[in-house]
Structures are given as C-alpha cells and as structure tokens.
Amino acid sequence: MKPDYLKSRKLVGENRYFSIFYDFLEENNGTPIEDYIVVHPKIKTNNGVYAIAILPILNDKVGLLEIFRHPLEENLWESPGGFIENEEASQTSALRELREESGLICEPKNLHDLGIVSTSPSTIAAKVQLFAATDCTLSKEGREPELGHGRFQWFLKPDINTMIASEKIQEVCTLITLYRAENLY
C-alpha cells in the first residue's frame, strides 16, 4: 500500500532530460518535510528505465571510459552508458551508447542483460538497466566523446580490483555491472 505522504509538488527546474520538483511531504505523525527533491526523467521505458550502462568485454578484459564528473570535480573510470532516447528499447539504447562512447559495435546476440537497478531511489524516480557486451568489434566511425569523456581503455580483472580498492571506480552502475558480469570475463 502506497502511503499518502505527498501533499503538494512544485516544479523548480527542468532541462531536456529531467524535471526537478520540490515535494511537500507529511509523515504519519504530522511532521512536515519541505522541499524534498525529486528528479523525474522525461523519457522512460514502460518498466521505468531511463538510462543504461553497458560493460564491453573482450579477451578477458573489460573496457571503461575515463570521465571527468563535473559535480564531483574528479575523474572516474566508468562503463559506457547514457539515456534512453524517445521510444527506444533498452537494448537498442545499449548498442547505440556502446558505439558512441567506446567506438565498439556489438551484435544483439552478444548483448547480455544484467538486470535493473535503482541508483538513487530516494531522489531519482527511475531505474537503470545494466548490460554486458561480448565479442565486439571496432566501428569505422570511431568514438563520439561527450562532455568530460576522456580515453577508453581495456583492463584485466586484477587491474579492476585495484581500481575499485583505490576508488578510481566509484560509480554505482559500473560497480554492479562489474559484479554481475564477473562470469563473463
């Protein structure tokens, strides 16, 4: 049963991808919670997926992107990923993002669904679908780097473990994808 906490909602900002709201909530005991931030992605699949993360795997190595994350002001290593486009299936989005961000092409039969996660369920009203891609080939077009994207590089499992321990890999979807895809590399 869904509790009746929400008393009002105010749109405070939006861009191409998100609408941001301040919710006024009231707990069962009457305690008010003002300006509770809720981020609603504008495009989602029927099962609430707004983004994907995809881990390329080739010859017992995994491919990661070095990305400067503006809100954190630091470089992190992450799996390629991105937003679902309008009326795009998660699998189609995964293959598109893989090509754009890593320059790799993968056959749909080599795309492994690793499930869905909620990255920040207290704030983001949507989920991320995780994939691994095996036996990829290099596209003729190459990569299409986005804001903050640096190099794409292949890593062996011992390197990945060291990067996790040293917090060079922090992003939750990358960590969960590495864990769920462990039997593939």
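The preceding data block contains the structure.
About the criteria used
Residues numbered from 1 in each chain as written. Predicted model: local features only at pLDDT ≥ 70, side-chain atom pairs only at ≥ 80, totals over all residues. Heavy atoms only, no water. Buried < 20%, exposed > 50% of the residue type's maximum accessible area, 1.4 Å probe, protein only. Helix = DSSP H or I, 4+ residues; strand = E, 2+ residues; numbered from the N terminus. Arc of directions from axis to C-beta. Pairing = 2+ DSSP bridges. Axes fitted to C-alpha atoms, helices over the stretch in contact; angles between N-to-C directions. Core = buried A, V, L, I, M, F, W, Y, C linked by side-chain atoms within 4.5 Å. Contact = heavy atoms within 4.5 Å. Phe/Tyr/Trp six-rings, centres within 6.5 Å; stacked < 30°, edge-to-face > 60°. Lys NZ or Arg CZ within 6 Å of the ring centre and 35° of its normal.

*Asks:* Which residues make up helix 3 (residues 172-180), and what values do they have?
*Replies:* By the burial criterion, the buried members of helix 3 are Cys173, Thr174, Thr177 and Leu178. Looking down the long axis of helix 3, one finds its buried residues gathered within 130 degrees of arc, a one-sided arrangement.

*Asks:* Describe the sheet that holds strand 1 (residues 6-14), and please don't skip the residues or the numbers.
*Replies:* Strand order in the open sheet formed by 3 strands is 1-2-3, and the pairing between neighbours is antiparallel. Two strands bound the open sheet, and with one partner strand each, they are strand 1 and strand 3 (32-41). Strand-to-strand twist in this sheet, taken as the mean axis angle between neighbours without regard to direction, amounts to 25 degrees.

*Asks:* So what's going on with the nonpolar core? Residues and values would help.
*Replies:* Here is a general trend for soluble globular proteins: nonpolar side chains tend to be buried in one another's company. With 25 residues, the main nonpolar core has Val62, Leu64, Val128 and Ile160 as its most contacted residues. When residues of this core are traced back to their parent elements, those giving at least two are strand 4 (49-58), strand 5 (61-69), strand 9 (111-117), strand 10 (127-134), helix 2 (157-165) and helix 3. Every residue in contact with Ile160, bar those within four places of it in the chain, is listed here: Val62, Leu64, Phe155, Ile169, Leu178 and Tyr185. Counting 15 residues, the second-largest nonpolar core is a separate cluster that includes Ile52, Ile67, Ile84 and Phe152.

*Asks:* Could you give me a rundown of the packing of aromatic side chains, with the residues and numbers involved?
*Replies:* Under the defined criterion, the tally for this structure stands at 6 aromatic pairs. Site record: aromatic cluster; members linked through ring pairs are Tyr17, Phe18, Tyr50 and Phe83. When the ring centre of Tyr185 is taken as reference, the NZ or CZ atom of Lys157 above it lies at 4.9 Å.

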